[in-house]
Amino acid sequence: MEDYELREAKLGAHASVDEYMVANAYPGQRTEQTRDTRTRVRRVFSFAQIFFFALTYMSSWETMALNLQATLNNGGPRALAWGIIIVVAGALAQSASLAEMASAQPIAGAQYHWTNTFAPVRQRRFITWMQGWITWFAWVSTLAGVANTSAYMLQSLVVANYPNYVPEAYHVTLIIFALLIVEGLMNMYTWVLIPWIELLAGVLHILLFVIFVVVLVTLAPRHNADFVFTQQASNTGWSNAFISFNLGLMTPTWGFVGFDGAVHMSEEVRKARHAVPRAMFWTIALNGVLAYAIILVMLYCLGDMDAALAAPFPIIEICTQATGSVKAATAMVCGLLIISVAVTLGSIASASRLTWAWARDGGLPAWFSHISPRHRVPTRSIWLPIFIVMCLACLNIASYAAFGAFIALASLALFISYMIAIGCMLQARLRKQVVFGGWTLGRWGVPINAFALVYSGWMSVFFCFPQYVPVEGTNFNYALPIFAFVVFVALGLWFGWARKRWPGLNKEIIDAVMADSDRAAKD
């Protein structure tokens, strides 16, 4: 068996050949009869471009800077200074485990394809079905989260510079609408430019890090090491220091969630078996270094912590204290806004490719698996996640808590999807049923997979905790109820339709994609 081939699932008598061919986005193997470019995406990403795509998408140090308030309120400086080490170690184990699978099977469906490969034969279809829906919902909610961050950042900059402006919740919704529509059109009409845009954003990601470090170190007031490494705080009502510390890890964790975005783009990456796993892992490593460095710099140069925590957008207050100028602080944060907009652009791309993959495998209507012959992108799959997020953003008008509830699903659902894939991989590894690609963990595979599972499970527990007590309707953590709803929907679809009518993944498509995964040319 070649390394790109999968063990065939046991199909019932109901599974006809027509049913097995769920979608025809990739009609068979890459032969002379199937080289019609109208039905294929192009491999437009080089290694450098997919590396910077992944580096920018994570934007880990920017996430630390933008969301400093949550961790300082829950755990204080100590939770950041020490907790980031735990988060980076866990993220490295997760990314190394997934990179190993991406090396063997670089395909847009990622987690649910790998689950199908390594899951026990009898349970394979069911686990794959649940994994597909969980992963897809996770990425839709991730898109909602990053779009909301960009919109809220823009509104905060306006508030800082125009004192007479009165911010309204529906303003954020309108900004989200405009951002998603413009970037959806960019994904559709200017797709060939996206790799270059993400590469430039990756360069800016590093340059901005240097600028922030230099400005804060040279201009900002200083705290001592005791404040940075030992100071505790709990301004959220939690009296238990252990719980408060773990809740303080939520912000650093958000900066290292979604690294599988690069894999969802893998069918558009040249030499994907080589490029994608290395981009995934080394961007986590580099972002880990940058994130830890910016945390130390910001904690030492925080200035008046009470003023920063009281500000609606603390990073603007911190930069203003350092530079003594609102305009200078605005210029610095505008750089972060550019990165955030690039993250939203990449999130649309990754979510759309996952939507496209899940549609051609029968999880979503096959209509969404269509490749535009003109643009060579899955245009219908671009607009489905955008439309859903725009509908959800309308909840902002009534209550931010309602929209925030869906955003809360992102980290929990993604971590569960990582756990399912890594768990299936680990049991297959222990049974010596794994055919590895070029990236392999070797003898370290079992302990790294096991640590990734423990870390993912541990953090998933605290993703469900409320950030504030006493718990009210406005601060309740809806992550677990929303996730339970997603699981309930997937189970309902399984027992109502898929259990008897869904034959499993489209093997012809998988074989075609895998046979094409080492291609070094765009077409």
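One structure accompanies this document, and this report is about it.

Rules used throughout
For every chain, the first residue of the written sequence is number 1, and numbering continues from 1 along that sequence. Given that this is a predicted model, residues contribute local features only at a pLDDT of at least 70 and side-chain atom pairs are listed and counted only at 80 or more, while totals for whole chains, interfaces and linings are drawn from all residues. In computing side-chain values, all of the structure's heavy atoms are included and hydrogens and water are not. Put simply, DSSP marks the helices as runs of H or I at least four residues long and the strands as runs of E at least two long, and each gets a number from the N terminus on. Only protein chains enter the accessibility calculation, which uses a 1.4 Å probe; a residue is then buried when its area is under 20% of its type maximum, exposed when over 50%, and partly exposed in between. In this description, contact between two residues means that some pair of their heavy atoms is separated by no more than 4.5 Å. Note on areas: Shrake-Rupley, 1.4 Å probe, and residue coverage restricted to the protein chains presented here. By nonpolar core we mean a set of buried residues, namely Ala, Val, Leu, Ile, Met, Phe, Trp, Tyr and Cys, connected to one another through side-chain atoms within 4.5 Å. Detection works on a 1 Å grid of protein atoms alone, calling trapped sets that fit a 1.4 Å probe cavities and calling open sets with protein on both sides within 12 Å along at least five of seven lines pockets, with lining residues defined by an atom within 4 Å of a point. Grid points are joined across faces, edges and corners, and a volume is the space filled by probe spheres set on the points. Residue type decides the class: Asp, Glu, Lys and Arg count as charged, Ala, Val, Leu, Ile, Met, Phe, Trp, Tyr, Cys and Pro as nonpolar, and the leftover types, Gly among them, as polar. Aromatic contacts are taken between Phe, Tyr and Trp rings whose centres are within 6.5 Å, Trp giving its six-membered ring; a plane angle under 30 degrees counts as stacked, one over 60 as edge-to-face, and the others as tilted. Criterion for a disulfide: a pair of cysteine sulfur atoms at a distance within 2.5 Å.

Description of the overall build of the protein
In terms of regular secondary structure, the protein is built from 24 helices and 0 strands. A principal-axis box enclosing the C-alpha atoms of the protein has dimensions of 70 × 45 × 40 Å. When burial is assessed residue by residue, the protein has 59% of its 523 residues classed as buried. Partitioning the contacts of the protein with sequence separation of at least 6, the portion at a separation of at least 24 is 85%. Accessible surface for the protein amounts to roughly 19,900 Å². Of this, 66% is attributable to carbon and sulfur atoms.

What about the environment of serine 59?
Tracing the backbone shows serine 59 in the loop between helix H2 (47-58) and helix H3 (60-66). Measuring from C-alpha to C-alpha, the distance between serine 59 and alanine 110 comes to 21 Å, with 51 residues separating the pair along the chain. Leave out the neighbours within four places in its chain, and serine 59 touches His205, Asn287, Ile339 and Val343.

Notes on the environment of threonine 355
Secondary-structure assignment places threonine 355 in helix H17 (residues 326-360). The spatial distance from the C-alpha of threonine 355 to the C-alpha of leucine 430 is 32 Å, given a sequence separation of 75 residues. Those residues in contact with threonine 355, other than ones at most four positions away along the chain, are Trp136, Leu364, Ser381, Leu384 and Pro385.

Description of the nonpolar core
With 164 residues, the main nonpolar core has Ile50, Trp129, Trp136, Leu180, Phe212, Phe256 and Ile315 as its most contacted residues. Those residues in contact with isoleucine 50 that sit more than four places away from it in its chain are Phe45, Ala262, Met265, Val269, Ala275 and Ala279. With 5 residues, the next largest nonpolar core counts Ala96, Phe281, Trp439 and Leu441 among its residues.

Concerning empty space enclosed by the protein
Going through the model one piece at a time under the given rule, you end up with 3 cavities of 30 Å³ or more. Here the second largest cavity defines a volume of roughly 40 Å³. Residue lining of the second largest cavity: Phe53, Ala54, Tyr57, Met58, Gly258, Phe259, Gly261, Ala262 and Thr283, and that is the complete set. Broken down by secondary-structure element, the contributors of at least two residues to the lining of the second largest cavity are H2 and helix H13 (261-264). Partitioning the lining of the second largest cavity into residue classes produces 6 nonpolar, 3 polar and no charged.

Some thoughts on unusual backbone geometry
Residue proline 470 is reached from valine 469 by a cis peptide bond, and omega for that bond is 0°. Mapped onto the fold, proline 470 is located in the loop between helix H22 (445-463) and helix H23 (479-501). For serine 59, which is not glycine, the phi dihedral falls at a positive 35°. One non-glycine residue, lysine 432, adopts positive backbone phi at about 60°. For lysine 432, the position within the fold is in the loop between helix H21 (409-430) and H22. Lysine 432 gets classed as exposed once you look at its relative accessible area, which sits at 75%.

Concerning the packing of aromatic side chains
The final tally for this structure, using the stated rule, is 35 aromatic pairs. Considering the side-chain rings of tyrosine 57 and tryptophan 139, the 5.5 Å spacing of their centres and the 35° angle between planes classify their relative orientation as tilted. Placement of the pair is tyrosine 57 in helix H2 and tryptophan 139 in helix H7 (residues 124-161), with a sequence separation of 82 residues. By relative accessible area, tyrosine 57 is classed as buried at 8%. Judged by relative accessible area, which is 0%, tryptophan 139 ranks as buried. Consider the rings of tryptophan 61 and phenylalanine 209, whose centres lie 5.9 Å apart with planes at 70°: the pair is edge-to-face.

Considerations on the state of the cysteines
Taken as a whole, this structure holds 0 disulfides when the rule is applied. This cysteine, cysteine 391, is not joined by any disulfide, and cysteine 394 carries the nearest cysteine sulfur, 6.2 Å off. Since its relative accessible area comes to 36%, cysteine 394 is described here as partly exposed.

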